[in-house]
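Structural overview
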Amino acid sequence: MGPEDPVLESDDSSYELFQVQAPKGQMVTVTLTSSAFQPILAVGDEIDEECEACVASVGEKDKPAVVRKIVSASGVLQVRANTMDKGDRGAFTILATASLPPRISARPLPFGQSVSDSLDLNDAVTSEGATVDAYALRLNADQEIQLDLSSDDFDPKLELLTPAGAKVAEDDDGGPGTSARIRYVVPRAGLYQVRVTAVGSGAVGAYTLTTGLRQELPPMPAPVSIALGQEITGALSNSTPRYETDGEEIYAVRYGLRLEGGRAYRIALNAANGSELDPKIAVGKIGADGSLESLAQDDDGGGGKNALLRYRPETSGAYVLEVQKVGGANGSYRLMVEQAAADRAPLASEALRLGQNVVGELRDGGARLGATDSLFNTYSIALRAGQRVNVKMEKEGDTSLDPLLEIGLLTSSAFKALAKDDDGGRGLNARIKFTAPSDGTYVIRATAGEPTQEGAYTIGVSDMPASVVPPFPARAKLGETIRGSLGTNDPLRNDSQYFDRYVFNGQVGETFEITASSESFDIIVGARQIDRVDDDYASDDDSGGGTNAKLIYTVTTVGPQIIRVTTIEESAEGDYSLLIVKK
């Protein structure tokens with residue numbers, strides 16, 4: 001794959017097209033392997049951008065993508081080999097072979113028993129190219145049967161065929177997680193066939209198939225009444241009552257209490273000390289089928305595996321709280337429901353100055369947004385038309401806060417956001433690069449990503465440095481240490497990180513070790529051929545030890561290659577060294 005190859009409009013990944021001709025009914029196996037990129041393979045009678053009718057497979061570096069497909073009447077299959085990511089380059093190997101497809105032969109399996117086996121590339125295939133194992137089940141009339149297929153290695157799929165070979169049922173995700181489940185009332189006695197296969201082509205691995213009569217679960221017990229402020233202790237185990245919804249069996253303990261419409265409640269569910277339980281809380285009403293019709297739920301909002309939910313019901317009435325478990329681990333828990341602190345009215349916006357960082361805090365009892373129920377504070381700053389500023393909000397300490405920033409104007413009726421950001425800063429921090437459309441006072445709203453999130457933060461606004469036109473890259477000498485520095489005289493990457501560029505010549509297949517070191521900042525080094533787009537670098541951050549960078553770079557196109565030295569932090573400055581060595 002190289003710069004001359006076309007790219008998909010959907011993700012800009014490079015691709016090449018091939019054709020395979022083989023006799024009708026033959027099974028064609030296509031294998032795509034690369035040590036330079038993660039390969040994706042699609043095979044079909046026709047290839048288009050979406051390729052919805054194609055059989056596809058995704059490999060890994062040095063692990064092939066494999067597709068098997070039966071040749072249709074045309075005798076010709078279209079093949080597309082493409083990369084996982086934009087800018088991926090390098091050599092690949094593609095191989096197509098043809099053979100008679102293995103015959104699907106059903107092995108006998110007594111009804112009511114389970115079998116554990118595996119799909120492999122020696123098994124038979126469906127007309128779509130999926131690997132398949134088949135089992136013969138003798139079923140009696142009027143039985144309501146249940147077939148379950150699970151696998152940790154692939155996304156399983158089940159098919160049920162009548163003694164005459166007609167498909168009467170199939171399922172992909174009807175069981176727990178991605179497991180497959182078929183429930184079927186047998187109309188006539190006979191020898192039925194169950195086919196075990198996978199979603200997609202080339203998927204193989206171990207599986208377990210279970211057969212038997214459908215077992216009805218006993219009704220759930222009535223909810224246990226609790227009061228506000230009362231701490232409840234309990235436990236979830238394999239003997240906890242359970243119900244079924246959408247193929248999932250939900251182990252749950254139910255509690256009932258009355259909630260007032262329009263009031264906010266804080267529901268905390270924590271695993272007990274030493275417990276392996278991953279608890280989940282849900283609030284709602286019991287439906288006609290006995291399952292919970294959830295109105296709100298949370299898994300890990302309380303930090304770690306604990307759950308924390310802030311809920312404001314629209315109407316007053318009796319509600320059900322359901323303590324559930326995520327995964328198979330059991331254990332004890334503590335549950336408490338409290339009325340949340342009353343919300344206060346928004347405070348007047350605090351004025352900010354350019355270059356100033358202000359510490360703020362979002363705490364229960366503060367002002368909340370009507371639309372999301374999240375805590376917020378507001379700030380103001382005067383800007384000139386065309387002024388470009390950097391607005392940052394960073395959480396302080398180990399809190400649950402996921403900062404969310406907005407900047408806009410306060411009209412006579414409401415706040416009008418002109419820009420918004422969630423994770424534009426490092427980690428979960430927020431950052432907005434904003435150009436003022438006109439002179440005026442702008443409002444900055446600092447808020448939390450979720451209603452339960454609280455914590456301290458710093459917020460600040462700074463002028464964005466003026467852009468410098470990047471000079472032509474300086475010539476780099478191989479094997480000689482280059483001394484450089486980054487600062488205000490250098491151009492900016494993404495308007496915030498200074499960078500320098502260097503150029504050297506390389507031949508296809510040559511490999512270079514590029515090391516960049518600095519004691520002043522966290523350094524990044526990248527390399528690409530000169531005719532690629534500016535951000536399309538192979539890069540490294542910390543492989544050189546500490547915050548230093550070391551990149552192993554292989555030339556894929558002859559000619560000038562560009563090296564870029566830049567930083568992690570915005571506007572970081574200081575000296576650095578660069579060394580390019582041919583391997």
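Below or above, wherever it landed, is the structure these notes cover. (Residues numbered from 1 in each chain as written. Predicted model: local features only at pLDDT ≥ 70, side-chain atom pairs only at ≥ 80, totals over all residues. Heavy atoms only, no water.)

This brings us to the pairing of strand β12 (residues 144-150). By the criterion of burial, β12 is predominantly enclosed, with five of the seven residues buried. By the bridge criterion, six bridges tie β12 to strand β17 (residues 205-213) in an arrangement that is antiparallel. When the sheet's bridge partners are listed, Ile 145 is paired in β17 with Leu 213. (Buried < 20%, exposed > 50% of the residue type's maximum accessible area, 1.4 Å probe, protein only. Helix = DSSP H or I, 4+ residues; strand = E, 2+ residues; numbered from the N terminus. Pairing = 2+ DSSP bridges.)

Attention shifts here to the state of the cysteines. For the structure shown, the criterion picks out one disulfide. At a sulfur-sulfur separation of 1.6 Å, the disulfide partner of Cys 51 is Cys 54. With the S-S bond torsion at -60 degrees, the cross-link from Cys 51 to Cys 54 turns out left-handed. (Disulfide = S-S within 2.5 Å.)

One pass over the structure, following the stated rule, counts five aromatic pairs. Seen from their ring centres, Phe 18 and Phe 92 are 6.4 Å apart, and the 85 degrees between their planes marks the pair as edge-to-face. One end of the pair, Phe 18, is in strand β1 (residues 15-21); the other, Phe 92, is in the loop between β6 (76-83) and β7 (93-99), with 74 residues separating them in the sequence. Classification of Phe 18 as partly exposed rests on a relative accessible area of 28%. (Phe/Tyr/Trp six-rings, centres within 6.5 Å; stacked < 30°, edge-to-face > 60°.)

We now examine a negative patch on the surface. A contiguous patch of negative charge, built from Glu 9, Asp 45, Glu 46, Asp 48, Glu 50 and Glu 52, is present on the exposed surface. Turning to its location among the elements, Glu 50 is positioned in the loop between β3 (39-44) and β4 (55-58). Residue Glu 50 is classed as exposed on the basis of its relative accessible area, which comes to 57%. (Patch = residues over 30% accessible without salt bridge, like charges linked within 9 Å, V, L, I, M, F, W, Y side chains within 5 Å. Areas by Shrake-Rupley, 256 points an atom, 1.4 Å probe, with all protein chains shown as cover. Salt bridge = Lys/Arg side-chain N within 4 Å of Asp/Glu carboxyl O. Lys, Arg positive; Asp, Glu negative; His and termini not counted. Charge placed at Lys NZ, Arg CZ, Asp CG, Glu CD.)

The subject of this paragraph is the nonpolar core. Core analysis: the biggest nonpolar cluster contains 25 residues, and Phe 434 and Ile 444 have the highest contact counts within it. Of all the elements in the fold, those that place two or more residues in this core are β29 (356-362), β30 (376-383), β31 (388-395), β32 (403-410), β34 (430-435), β35 (440-448) and β36 (455-463). The contact partners of Ile 444, leaving out residues within four places of it in the chain, are Leu 352, Asn 377, Thr 378, Tyr 379, Ile 381, Val 391, Leu 405, Glu 406, Ile 407, Ile 459 and Val 461. (Core = buried A, V, L, I, M, F, W, Y, C linked by side-chain atoms within 4.5 Å. Contact = heavy atoms within 4.5 Å.)

Right, let's get into the sheet that holds strand β9 (residues 114-119). The strand order β9-β17-β12-β15 describes an open sheet built from four strands, whose pairing is antiparallel. The open sheet has two edge strands, β9 and β15 (180-185), and neither has a second partner. Each adjacent strand pair in this sheet contributes to an overall mean axis angle of 15 degrees, direction not counted. Relative to β17, β9 runs antiparallel, the two being bridged by six bridges. Bridge pairing in β17 links Leu 119 to Gly 205. (Axes fitted to C-alpha atoms, helices over the stretch in contact; angles between N-to-C directions.)

Moving on to the pattern of salt bridges. Pairs may arise between side chains of opposite charge once their charged atoms sit close together. Per the counting criterion, the structure on display carries 26 salt bridges. Of the charged contacts, one joins Arg 312 and Asp 373 as a salt bridge, the two residues approaching to 2.8 Å between their closest N and O atoms. Remark: Asp 373 occurs in the loop between β29 and β30 and Arg 312 occurs in the loop between β25 (307-311) and β26 (317-325); sequence separation between them is 61 residues. Taking relative accessible area as the criterion, Asp 373 reaches 13% and is therefore assigned buried. Note that Lys 582 and Glu 510 form a salt bridge whose closest N and O atoms lie 2.9 Å from each other. Of this pair, Lys 582 sits in strand β46 (residues 574-582) while Glu 510 sits in the loop between β40 (497-506) and β41 (511-517); the two residues are 72 residues apart in sequence, bridging distant segments of the chain.

Attention shifts here to the sheet that holds β46. The four strands lie next to each other as β38-β46-β41-β44, forming an open sheet whose pairing is antiparallel. The open sheet terminates on both sides in strands that have one partner only, identified here as β38 (482-486) and β44 (549-554). Averaged over all adjacent pairs, the angle separating strand axes in this sheet is 25 degrees, with direction ignored. Where β38 lies against β46, five bridges are found, and the strand directions are antiparallel. Its bridge partner being in β46, Ser 485 is matched across the sheet by Asp 575.

Mapping Arg 242 onto the fold places it in strand β20 (residues 242-245). In sequence terms Arg 242 and Leu 217 are 25 residues apart; their C-alpha atoms lie 7.4 Å from each other. In this structure, Arg 242 is in contact with Leu 217, Pro 218, Met 220, Glu 249, Ile 250 and Tyr 251, ignoring residues within four places of it in sequence. A polar contact is formed between the side chain of Arg 242 and the side chain of Glu 249, at a distance of 3.0 Å. (Polar contact = N/O pair within 3.5 Å; in protein donor to acceptor, adjacent residues only side chain to side chain.)

With that out of the way, let us pick up the side chain of Glu 406. Mapped onto the fold, Glu 406 is located in strand β32. With sequence-adjacent residues up to four places away left out, Glu 406 is seen in contact with Phe 415, Ala 417, Ala 419, Lys 420, Ile 432, Val 443, Ile 444 and Arg 445.

A few words now on the side chain of Arg 68. Mapping Arg 68 onto the fold places it in strand β5 (residues 65-70). As a buried residue without a salt bridge, Arg 68 has its nearest oppositely charged side chain in Asp 123, at a separation of 6.6 Å.

The quantities given are spatial measurements derived from coordinates; they are silent on function.
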